[in-house]
Amino acid sequence: MKHSPITVSGVEVTPLCDAVGPMGPAIRLPLAEMFPGSGPADDPWVLHFHCYLLRDGAGRLTLVDTGIGGEDSPAAGWAPVPGVLTDELAAVGVAPADIGTVVLTHLHSDHASGAVTGGRPVFENARHVLQRAEVDSASGAMSDLLTPLKDQLHVVEGQAEIAPGIHVQHTPGHTPGHQIARVGDLAITGDLVLHPVQLADPGIHYAYDDDQETAARTRTEVLAALRAERATIATAHFSEPFMRL
Ligand SMILES: [Zn+2]
Ligand SMILES: [Zn+2]
């Protein structure tokens, strides 16, 4: 699905719609169990899977998240494969080798798998920014994913400016080293918030948060701070990429 770009503080931000679909039966739950206490909402939950391309005034390119990846992705058991991120990039005139920086909000299979194909990095010229806590807690297929990326990893702790005007911020809970990206008054929120019901009540848990209490506390604090600055959020899984708080 095509979504329109916006420009924030001189940086063009383009949503890249990697896939659209419900979760597969392996992990799908009724919404009332996925988001306990959320009340009625459209069921089944149809997720978009968004990555974001940032192009600054000097033409430098940063990609936030790398999507689901191919038919053989670790996400193939539950997410719609293949993701079409590289087609989405091509549609805006960008080749994978043009990307200078990749931010991985976290090491879940629908956010990071597209960074590697056939055991090789897809974004061969890019630094890959991850929080220390995310690297240290990686396991299984997502730990394996880091092996071909090891020479391109740029590991940060907490807040860091990772390209001119682009910051990351550690937002733990969904995973230990989950991070969001900031440019101007825009926040690219990864899985800080999964579904619009959590905007109305950030305390609503998500069944697949690693640490539901920490996630709810982080979500409440960060959304309150973003609301106070009337920020816009760019979400991974809402049907509309951008939402002004
Ligand atoms: Zn979309
Ligand atoms: Zn996630």
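Heads up: the structure comes first, above all this text.
This is a predicted model, so every value here is computed, not measured.

Trainee: Sorry, what's going on with the environment of A75 here?
Mentor: Structurally, A75 can be placed in the loop between β4 (61–64) and α2 (85–91). With 35 residues separating them in the primary sequence, A75 and D110 have C-alpha atoms 5.9 Å apart.

Trainee: Help me understand the environment of G10, please; the structure alone is not making it clear to me.
Mentor: Mapped onto the secondary structure, G10 falls in the loop between β1 (6–8) and β2 (11–22). Those residues in contact with G10 that lie beyond four places of it in its chain are R55, D56 and G57.

Trainee: Would you mind going over the coordination of the zinc ion (ligand 2) with me for this structure?
Mentor: When a metal holds four donors in a tetrahedron, each ideal angle between them is 109.5 degrees; when it holds six in an octahedron, the ideal angles are 90 or 180 degrees. At the metal site, the zinc ion (ligand 2) is ligated by H106 (NE2), H108 (ND1), H174 (NE2) and D191 (OD), and these contacts range over 2.1 to 2.2 Å. Mapping the donors of the zinc ion (ligand 2) onto the primary sequence gives the spacing H-x1-H-x65-H-x16-D. With H108 in the loop between β5 (101–103) and α3 (109–112) and H174 in the loop between β11 (166–170) and β12 (179–183), this pair connects stretches of sequence that are 66 residues apart.

Trainee: Mind showing me how you'd approach the coordination of the zinc ion (ligand 1) here?
Mentor: Surrounding the zinc ion (ligand 1) are the protein donor atoms H3 (NE2), C17 (SG), H48 (ND1) and H50 (NE2), at 2.1 to 2.2 Å. Here the zinc ion (ligand 1) is ringed by four donor atoms whose angles at the metal span 98 to 119 degrees, and the overall shape comes out tetrahedral. As a motif over one chain, the donors of the zinc ion (ligand 1) read H-x13-C-x30-H-x1-H. Of the two residues, H3 sits in the segment before β1 while C17 sits in strand β2, which places them 14 residues apart along the sequence. Look at H3 and you get buried, because its relative accessible area is 8%.

Rules used throughout
- Residues numbered from 1 in each chain as written.
- Chains lettered and ligands numbered in written order.
- Predicted model: local features only at pLDDT ≥ 70, side-chain atom pairs only at ≥ 80, totals over all residues.
- Heavy atoms only, no water.
- Helix = DSSP H or I, 4+ residues; strand = E, 2+ residues; numbered from the N terminus.
- Contact = heavy atoms within 4.5 Å.
- Donors = N, O, S within 2.8 Å, 3.2 Å for Na, K, Ca; no water.
- Tetrahedral: all angles 85-135°; square planar, octahedral: opposite > 155°, others 65-115°.
- Buried < 20%, exposed > 50% of the residue type's maximum accessible area, 1.4 Å probe, protein only.

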